[in-house]
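# Survey of secondary and tertiary structure
One-letter residues, chain by chain:
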Amino acid sequence: MDNTRLDMNTRLDMKRLAAMDAAQAARLLHRVREETLAGRTPPIAPRPEIDASWRRMARLGLDPDRGTSSVLLRRDELEQRRRGTLLAEVLETLSCGLAGIADASRQIMVVTDEHGRVLWREGHPAVMRQATGICLEEGAAWTEGATGTNAVGTALATRRAVQVHSAEHYVQALHNWTCAAAPVHDPRDRRLLGVLDVSGPASTFHPSMLALVGSVARLAEAELRERHRGSVERLRAVAAPILCRVGGRAVAVDVHGWTAAVTGLAPVDRIALPKTLGSGRVWLPSLGLCAVEPLPGGWLLRVEEDTARGGTEPGAASRVVLDLSRPHRRTVAVSGEAGNWQQELSPRHAELLYLLALHPEGRTAAELAQDVFGDRTRTVTVRAEMSRVRRTLAGVLAHRPYRFREEIAVEVLRPAAPEDLLPHSAAPAVRTAGAAR
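Residues numbered from 1 in each chain as written. Predicted model: local features only at pLDDT ≥ 70, side-chain atom pairs only at ≥ 80, totals over all residues. Heavy atoms only, no water.

## Regarding the overall build of the protein chain
Per the secondary structure count, the protein chain includes 13 helices and 16 strands. Taken over C-alpha atoms, the radius of gyration comes to 25 Å for the protein chain, in line with the 22 Å a tight globule of 437 residues would show. Judged by the C-alpha coordinates and their principal axes, the protein chain covers about 80 × 45 × 35 Å. Once local pairs closer than 6 in sequence are excluded, the contacts in the protein chain between residues at least 24 apart make up 56%. (Helix = DSSP H or I, 4+ residues; strand = E, 2+ residues; numbered from the N terminus. Rg over C-alpha atoms; globule rule 2.2 N^0.38 Å. Contact = heavy atoms within 4.5 Å.)

Rendered as structure tokens:
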């Protein structure tokens, strides 16, 4: 009997693979890949995140027998990207947390930008040389589209930490490698900064590496969060005496909209700002028409007192574009006479806005609870989430029931493949709407 044959009810996971003989585990993964890519039933199903990635590669038409060559960034462009990323500020934290461990375990640490370009790498010298042989080097591209299923590319695609071992790689040239990667986000706006990865020969595989990489990525985010907190405190020191002299309603925010000081308004953590903002007058959905003045490290927003917050004042929003066309980056763009702004959405807020776009007549809290959770009684959770959404879209959304205001044109941009519409959503109404397309 083939000793790689497992019961189909047995769940394939990293701990089980680690407990197996290395050669046996490799044979099993190779057979799972071979059977799955051929459209046959494998001896055991691939892990869900790997299966989903393989399906993406098949849709892209990626050749599993291709190499991993890449056109490297020019040295000046590489240096420009290094200087322009926040990851440079926490590189020492990343290196201290992982580089030594990678070296001792005959692996290497890799840091990429949000486009999958390798910015830095360090670790075991012999493995560095091997990595160069598969183009895992500074300036190379490691997105899924460039090199198939791999920890860096798949973490970028899913925005989640992932481990890819041996024949779980889509491209055969990587079957002798193992890798674990975690995304690193900017804590100010949750924008993806890049990916932290540890890679090495398949013989160095250990299931705990994923937890270690994820912990170091969170440590780097915590350091960035502390740096941001310090910058907001400095802005507060500048803004507080100014606000004491300002009549009416005003708020001081940093360039990302985080509140440093406020007068005459209920305090909020953050105000959604246009992508480009300058001195002058601008309409903000959460405040109305504002006069904008520069501050060191931020802006002073003075609310025009002759305008209402209801969203019908001159310059109010007239159009909303909900962009769900990219599986893992959801945005809402609001435009009107006074200008336009755009903001990234959390998965839950994207679900709620999508459901409201499907139901222009509006949804009650109970109906949204049924739509999102399949449980009409979870209205408290829905109301709390909708309250957060309306803090930034007060002039766009109405309530009782929750809906987009009638005077606003709403457009939803969907992905080409229905399965890529909010792919990680478990909301029954979202899944039903995607299947119906």
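Now, onward.
## Observations concerning helix α2 (residues 22-37)
Between its first and last C-alpha, α2 extends 22 Å over 16 residues, near the 22 Å set by a 1.5 Å rise per residue. Taken together, the buried positions of α2 are occupied by Q24, A25, L28, L29, V32, R33 and E35. Note on α2: the residue one or two positions beyond its end, G39, has a positive phi of about 85 degrees. (Expected span 1.5 Å × (residues − 1). Buried < 20%, exposed > 50% of the residue type's maximum accessible area, 1.4 Å probe, protein only.)

## As for the confidence of the model for the protein chain
Low-pLDDT portions of the prediction should not be read for the details of their coordinates. Taken as a whole, the protein chain shows an average pLDDT of 88; of its residues, 93% reach a score of 70 or greater. With pLDDT under 50 throughout, residues 1-9 is counted as low confidence; its partners more than four residues away or in other chains account for 19 contacts. (pLDDT = per-residue confidence, 0-100.)

## Concerning the packing of helix α10 (residues 347-358) against helix α12 (residues 379-392)
Close contact between α10 and α12 brings their axes to 10 Å; oriented N to C, the two are set at 85 degrees. Here α10 is positioned roughly perpendicular relative to α12, judged by the angle of their axes. Touching R348, H349, L352, L353 and L356 of α10 are E385, M386, R388 and V389, all from α12. Residues of the contact of α10 with α12, tallied by class, amount to 5 nonpolar, 1 polar and 3 charged. (Axes fitted to C-alpha atoms, helices over the stretch in contact; angles between N-to-C directions. Parallel < 35°, antiparallel > 145°, perpendicular 65-115°, else oblique. Nonpolar A, V, L, I, M, F, W, Y, C, P; charged D, E, K, R; others polar.)

## A look at unusual backbone geometry
For the bond from R400 to P401, the omega torsion is 0 degrees, close enough to zero to count as cis. Checked against the element boundaries, P401 lands in the loop between β14 (397-398) and β15 (403-404). With a phi angle near 65 degrees, R190 is a residue other than glycine that sits in the positive phi range. Tracing the backbone through its elements, the reader meets R190 in the loop between β4 (177-185) and β5 (192-201). Backbone geometry at L422 places phi at a positive 45 degrees, although glycine is not the residue there.

## Re the nonpolar core
Soluble globular proteins tend to bury their nonpolar side chains together. L17, L28, L136 and W142 are the most contacted members of the largest nonpolar core, which totals 38 residues. When neighbours within four sequence positions are excluded, L136 is seen to be in contact with I108, V110, V118, R121, A131, W142 and S199. With 37 residues, the next largest nonpolar core counts A272, W283, A365 and A433 among its residues. (Core = buried A, V, L, I, M, F, W, Y, C linked by side-chain atoms within 4.5 Å.)

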